[in-house]
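Here is how the chains run, residue by residue.
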Amino acid sequence: MPVHNAEIARLFEQLADLLEVEDANPFRVRAYRNAARTVSNNSKSMADLLAGGKDLSKLPGIGKDLAEKIRTIVETGRLPLLEEVRARTPAALSDLMKIEGLGSKRVKVLYSQLHITCPEDLQRAARSGRIRELEGFGRKTEEMILHRLEHFGDAQARTRLVDAEETVKPLLAYLQATRGIKDIVVAGSFRRRSETVGDLDILATASRGSPVMDRFVAYDQVAEVISSGKTRATVVLRSGLHVDLRVVPQASYGAALCYFTGSRAHNIAIRKIGVRKGYKINEYGVFRHDKRIAGKTEKSVYRQVGLPCIEPELRENSGEIEAAGKNRLPRLVSVDDIRGDLHCHTRASDGHDSLEEMVTAARAKGYEYIAITDHSKRLTVAHGLDEKRLLREIGQIDRLNDKLDDIVILKGIEVDILEDGTLDIQDKLLGQLDLVVGAVHYKFNLTRRKQTERIIRAMDNPYFNILAHPTARLINERAASEMDMEKVMTAARERGCFLEVNAQPVRLDLTDSHCRLAREAGLRVAISTDAHSTKGLDHMRFGIDQARRGWLEAADVLNTCKLPDLRKLLTR
DNA sequence: GCCGTTTTCGGCCCGACTGTTTTCAGTCG
């Protein structure tokens, strides 16, 4: 069982927490946190990199020591230094630090003065009024702790981007209607179009005396006000989502937008470049000797550090700054580049709308083509098509195509990949289709080796074109199936097959880092909505978001091709 | 613990808000 990047990151994070409680050098603590982030953000597994003979100390924030520690973890599953530290300092203290408002300093006092090591101890102590007597603590802090403990352990899953959008839309409209409001925008991971967001960061500019802060904390969906000052407030909505609002002067809008869009790692890297040039960069602007020299627009901030403006989706400090420096930023794919949808369903299987309705909706989008890919027979819950019903659908599409001159309907199927890697529809029929989309809908938990073999075997079928929702993960619901993604991508490229970025907001499968992996492997991806209704076709933009985060350009995407080129690529 | 086009030593982002304080430490992002 290979050690996952997430596990390595978890060990480093815990080590950082415990060292912080022990008052270790804060920069050493930060080094472990940075390393945890580098590891978990890396699209390739550390185990694979090591197996491939790669030098991990080349990774940002990983030096000789941490490279060696990663190797030890991969080889033994253990981090000896963490075990040493745990012998002195209880590991559970790192859980206490997850409670909002408790950091290393307070946890250290709680542990050393009251021997508190877990949330239960903490609750008992707070209820009996012993917390307020500690130096540096008081009545309010004790109340805060009790309050936070009530909701501690509630699944603190990150919010899916689509849900965050639903939440923020009415809030933005409400704030927009405030007297004196000028700009208002959602920054943070939402603006970077991350597949999930931890909280929402709203940035506003407003004229002096605008009551925007008062209005914000008075919003009817606010369940709790965490803090509220003149320029910044934090609330928790009834949905559980944390929302920050920051108000800055107009002259600082661009600098603030950079600052609050992040990512943190990206900002720090940009600020370092600024420091080298003798500038101070913060949310109010770029300063030289306390004089603001840039900051009204984002572009002005980047220009001041000698870089072109970097798209929000790329701001993860994962190579975009170096690429910008060499003027080699990708020209990211956009919704306008898309010429058709290659995966959608009709009422024939589990879709809500008819063939005609789906095609009409695709025409309204200006698409050149749309592929109809209903399910195959094994998926009985979806009323999957057998050979006979598939033949009937083929006939329907042929007749409809004859009547249309502004769009072409491609005949397809989303065929089940069976456990042994064979396909759920006879080859004879697959050969009559324009494209075959294959997907795994059961046996998600095969071993990594077996799952990889299963998928490659499916791609061995000469009619196979696109692997749909490759890992079958559902965000916050079902983990990704284990597979050797690099092997799958290599196999796909060798066979003339493609992988899908499924644009359903709950899937977004491939992930952003998979997209990047595909680009590096020279493998085109299809961005498809897997629409089960005409409305589902609108999800394309979420797939585009994911692809943009994965550095994809139009040329990296199969369905940006004109129909004749697409047909060539679908002929193996 | 990492890092280097002024450096292999001496830096490492920094401002807002809160609570406990009487000038600041802790936490967060």
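Residues numbered from 1 in each chain as written. Chains lettered and ligands numbered in written order. Predicted model: local features only at pLDDT ≥ 70, side-chain atom pairs only at ≥ 80, totals over all residues. Heavy atoms only, no water.

A. Structural context of the sheet that holds strand β15 (residues 466–467). The strand order β11-β12-β13-β14-β15-β16-β17 describes an open sheet built from seven strands, whose pairing is parallel. In the strand order of this sheet, the two ends are held by β11 (340–341) and β17 (525–528), each with one partner. In terms of strand pairing, strand β14 (residues 435–439) meets β15 through two bridges, oriented parallel. Bridge pairing in β15 links Val 437 to Ile 466. In the packing of helix α18 (residues 387–403) onto the sheet, the strands contacted are β12 (369–375) and β13 (408–416), and the crossing angle to β13 comes to about 165°. On the sheet, helix α24 (residues 563–570) packs against β12, β13, β14 and β16 (498–502) and is oriented at approximately 30° with respect to β13. (Pairing = 2+ DSSP bridges. Helix = DSSP H or I, 4+ residues; strand = E, 2+ residues; numbered from the N terminus. Contact = heavy atoms within 4.5 Å. Axes fitted to C-alpha atoms, helices over the stretch in contact; angles between N-to-C directions.)

B. Expanded view of the protein's contact with DNA strand B. In the vicinity of DNA strand B, 44 residues are found, and the nearest of them are Arg 30, Gly 63, Gly 138, Arg 264 and Arg 271. Of all DNA strand B atoms lying within 4 Å of any protein atom, the proportion belonging to sugar or phosphate reaches 72%. Here a phosphate oxygen of DNA strand B sits 3.0 Å away from a polar atom, N or O, in the main chain of Thr 231. Elements supplying a minimum of two residues to the surface near DNA strand B: α2 (26–41), α4 (64–76), α7 (104–114), α9 (139–151), β5 (222–228), α14 (264–276) and β8 (280–282). Broken down by element, the surface near DNA strand B gets its largest block of residues, five residues, from α2. (Near = heavy atom within 4 Å. Polar contact = N/O pair within 3.5 Å; in protein donor to acceptor, adjacent residues only side chain to side chain.)

C. Looking closely at the domain arrangement of chain A. When cut into domains, chain A gives domain 1 (5–151), domain 2 (159–248), domain 3 (252–325) and domain 4 (335–570). On a C-alpha basis, the centroid separation for the pair domain 2 and domain 4 is 37 Å. Here domain 2 meets domain 4 over a buried area of about 930 Å², counting both sides, of which 48% is carbon and sulfur. Among the residues of domain 2 in contact with domain 4, Arg 160, Arg 193 and Glu 195 are the three that bury the most area, contributing 60% of the side total. Remark: the boundary between domain 2 and domain 4 carries four salt bridges. Notably, a salt bridge pairs Arg 160 with Glu 477, separated by 3.3 Å at the nearest N-O pair. Seen at the junction of domain 2 and domain 4, the total is seven residue pairs in polar contact (both at pLDDT 80 or more). The leading source of residues in the side of domain 2 that touches domain 4 is helix α10 (residues 161–176), at three residues. When its residues are assigned to classes, the side of domain 2 that touches domain 4 shows two nonpolar, two polar and five charged. (Domains from an automatic or database assignment. Buried area = accessible area lost by both parts, 1.4 Å probe. Salt bridge = Lys/Arg side-chain N within 4 Å of Asp/Glu carboxyl O. Nonpolar A, V, L, I, M, F, W, Y, C, P; charged D, E, K, R; others polar.)

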